[in-house]
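Per-entry structural report
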Amino acid sequence: MRWFLLIATVVSLNSCNTMIGVWRDTKAGYHWSKEKIQNSGSGSEQEYGAPVY
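The text that follows walks through the structure, step by step, so that each part is easy to find. Given the structure is predicted, the values throughout are model-derived calculations rather than measurements.

**Focus: the overall build of the protein chain**
Secondary structure summary: the protein chain contains two helices and zero strands in total. Looking at the protein chain residue by residue over its 53 residues, the buried ones come to 0%. Summing over all exposed atoms, the protein chain offers an accessible surface of approximately 5,300 Å²; the carbon and sulfur share of this is 62%.

**Observations concerning a nonpolar patch on the surface**
A surface patch of nonpolar side chains, about 550 Å² in accessible area, is lined by Trp3, Leu6, Ile7, Val10 and Val11. Among the structural elements, Val11 can be located in helix α1 (residues 2–12). By relative accessible area, Val11 is classed as exposed at 58%.

**Examining the environment of Leu13**
Position of Leu13 relative to the elements: it lies in the loop between α1 and α2 (18–38). Setting aside residues up to four positions removed in sequence, Leu13 forms contacts with Thr18 and Met19.

Quick notes on the rules
- Numbering of residues starts from 1 in each chain and follows the order in which that chain's sequence is written.
- It should be noted that, the model being predicted, local features are given only for residues of pLDDT at least 70 and side-chain atom pairs only at 80 or more, the latter also being counted only at that level, while totals for whole chains, interfaces and linings use all residues.
- For the side-chain quantities, the full set of heavy atoms in the structure was used; hydrogens and water were omitted.
- Only DSSP runs of H or I covering at least 4 residues are called helices, and only runs of E covering at least 2 are called strands; the numbering of each starts at the N terminus.
- Exposure categories follow from relative accessible area, calculated using a 1.4 Å probe and restricted to protein chains: below 20% of the type maximum is buried, above 50% is exposed, and the middle band is partly exposed.
- Working definition of accessibility: Shrake-Rupley area with a 1.4 Å probe, residue cover restricted to the visible protein chains.
- In this analysis, a patch consists of residues with relative accessible area above 30% that form no salt bridge, clustered at 9 Å for like charges and at 5 Å for the nonpolar side chains Val, Leu, Ile, Met, Phe, Trp and Tyr.
- Salt bridge, as applied in this entry: a Lys or Arg side-chain nitrogen positioned within 4 Å of an Asp or Glu carboxyl oxygen.
- Any two residues having at least one pair of non-hydrogen atoms within 4.5 Å are treated as being in contact.

So, in structure tokens, the structure goes:
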């Protein structure tokens, strides 16, 4: 039953470039997370220019 729901979801989301958008968002999220984890000890607390109290 789970496989049927997964396949039905993939087929229904296949229109209007939805799958491409999901892929790009997932890929961008992966790269963002990887960068945050690797640079967590670099001391860049003011990344967005906001003051840190």
